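# Residue-level structural notes
Given next are the chains, with one letter for each unit.
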Amino acid sequence: MNTAFIGLGAMGQPMAAKLAGAGCLQQVWNRSSEKAAAFVAANPTVAMAPSLAELAQHNQLIFTCVSADDDLCEVIEVMLPTLQKGTIIIDTSTVSATTSRDLAATLSDIGVHFLDAPVSGGVEGAINGSLSMMVGGSEDVLDKIRPTLQHISARVVYMGPSGSGQSTKAVNQIMAAGINQAVSEALAFAEAADLDMEKVIEVVGGGAAANWFLQHRGATMTQQQFDPGFKVALHHKDLGLCKAMMESLADGDKALPIVEMTLLHYQRLMDEGYAEEDISSLFRLKRRLFSDD
Ligand code: NAP
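Small disclaimer: the values here were computed from a predicted structure and weren't measured.

About the thresholds
- Residues numbered from 1 in each chain as written.
- Predicted model: local features only at pLDDT ≥ 70, side-chain atom pairs only at ≥ 80, totals over all residues.
- Heavy atoms only, no water.
- Core = buried A, V, L, I, M, F, W, Y, C linked by side-chain atoms within 4.5 Å.
- Buried < 20%, exposed > 50% of the residue type's maximum accessible area, 1.4 Å probe, protein only.
- Helix = DSSP H or I, 4+ residues; strand = E, 2+ residues; numbered from the N terminus.
- Contact = heavy atoms within 4.5 Å.
- Axes fitted to C-alpha atoms, helices over the stretch in contact; angles between N-to-C directions.
- Parallel < 35°, antiparallel > 145°, perpendicular 65-115°, else oblique.
- Nonpolar A, V, L, I, M, F, W, Y, C, P; charged D, E, K, R; others polar.
- Domains from an automatic or database assignment.
- Buried area = accessible area lost by both parts, 1.4 Å probe.
- Salt bridge = Lys/Arg side-chain N within 4 Å of Asp/Glu carboxyl O.
- Polar contact = N/O pair within 3.5 Å; in protein donor to acceptor, adjacent residues only side chain to side chain.

## Remarks on the nonpolar core
Of all hydrophobic cores here, the largest spans 33 residues; its most connected members are Phe 5, Met 15, Leu 25, Val 28, Ile 90, Met 133 and Leu 149. Those elements that provide at least two residues to this core are α1 (12-21), α2 (33-42), β4 (61-64), β5 (88-91), α6 (122-128), β8 (131-136) and α7 (139-149). Those residues within four positions of Leu 25 in sequence are excluded, and the remaining contacts are Thr 3, Ala 4, Phe 5, Ala 16, Leu 19, Ala 20, Phe 39, Thr 45 and Val 46. Core analysis: the second largest hydrophobic core is formed by 25 residues, Leu 187, Val 232, Cys 242 and Leu 285 among them.

## Topic: the packing of helix α4 (residues 69-79) against helix α5 (residues 97-108)
α5 packs onto α4 with a crossing angle of 10 degrees between their chain directions and a minimal axis gap of 11 Å. It follows that α4 is roughly parallel to α5 by the angle criterion. Taking contact as the criterion, the partners of Asp 69, Leu 72, Cys 73 and Ile 76 in α4 are, on α5, Thr 99, Leu 103 and Leu 107. Within the contact of α4 with α5, the residues separate by chemical class into five nonpolar, one polar and one charged.

## As for the domain arrangement of the chain
What the domain assignment reports for the chain is domain 1 (3-160) and domain 2 (167-287). Using only C-alpha atoms to locate each centre, domain 1 and domain 2 end up separated by 27 Å. The interface is formed by 17 residues belonging to domain 1 together with 12 residues belonging to domain 2. At the boundary of domain 1 with domain 2, total buried surface from both sides reaches about 1100 Å², with 60% on carbon and sulfur atoms. It is Thr 94, Glu 124 and Met 134 that lose the most area in domain 1 upon contact with domain 2, and together they represent 40% of the buried surface on that side. Across the domain 1-domain 2 interface, the total number found is one salt bridge. When the shortest N-O distance is used, the salt bridge between Glu 124 and Arg 217 registers 2.6 Å. The interface formed by domain 1 and domain 2 contains six residue pairs in polar contact (both at pLDDT 80 or more). The element best represented in the side of domain 1 that touches domain 2 is α6, accounting for three residues.

Rendered as structure tokens:
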């Protein structure tokens, strides 16, 4: 089955490279064409699709990995007239469950399958092909493409009907916010206590408080390096989706404290010009708890 990948950003590029390396990818497309050109130069068995319309016409399996709901809807809308009956679109972006369900319904009307398949594991997981993937939609359709997915994901879990993958990703993003809060605050505390930060990360990372974020972002955070990774603006977008979900799940003015606090903190970082930094730049704010600046 001809396969294409749309969206060669921090996550899409390494995922597409894994598929290309396994001989499972024919075409790529990226909004800024220089990223697609660089990709095909590095992966000569893959071609740059001349347009989204042509990509839609010639591929039976299409991966998407774009920033947010509106971006995904735009891409699908452009492809809609040329998509072929039976095509499978698998979306690895993080968007709302509602958007996923709406797209699945629209595409189903023209005989196209849509799976919401957000991923977790960071850029490192994408590079290693070890992402965790949570999938909503038809299980039969998922089973057809599992052999391809094994090249990018070490764990593909079917969650249920359309939207279930994205609802599960919301769970992941709430947890990731809490972990970022805990790790950045604790490491700012360690720094203020004048501890050896390398040793703190080593010993705490071997105990009950060990976690992926401490392991992968602890050292860089304390060295004031905040290259993405996962951008503040994107996690802010995801927590907005969690907040909206919470409003639909609980009556009245109930809110999720970790989500609310992290939204405020990320907004502050974005206002200060750090939207494109990795989410570990929350450490910038935590350090201020220990200074008068
Ligand atoms: P990124 O590096 O900012 O890349 C975003 C990609 O989306 C780029 O290829 C961009 O094209 C494309 N795009 C944005 N708006 C578009 C539009 N309107 N039409 C077409 N293409 C558009 O972001 P990322 O980190 O790869 O994240 C991509 C998705 O994966 C997001 O939904 C994010 O929440 C999710 N995610 C990220 C991580 C992570 O650790 N980074 C982990 C799990 C999930 P251009 O190159 O032209 O800008």
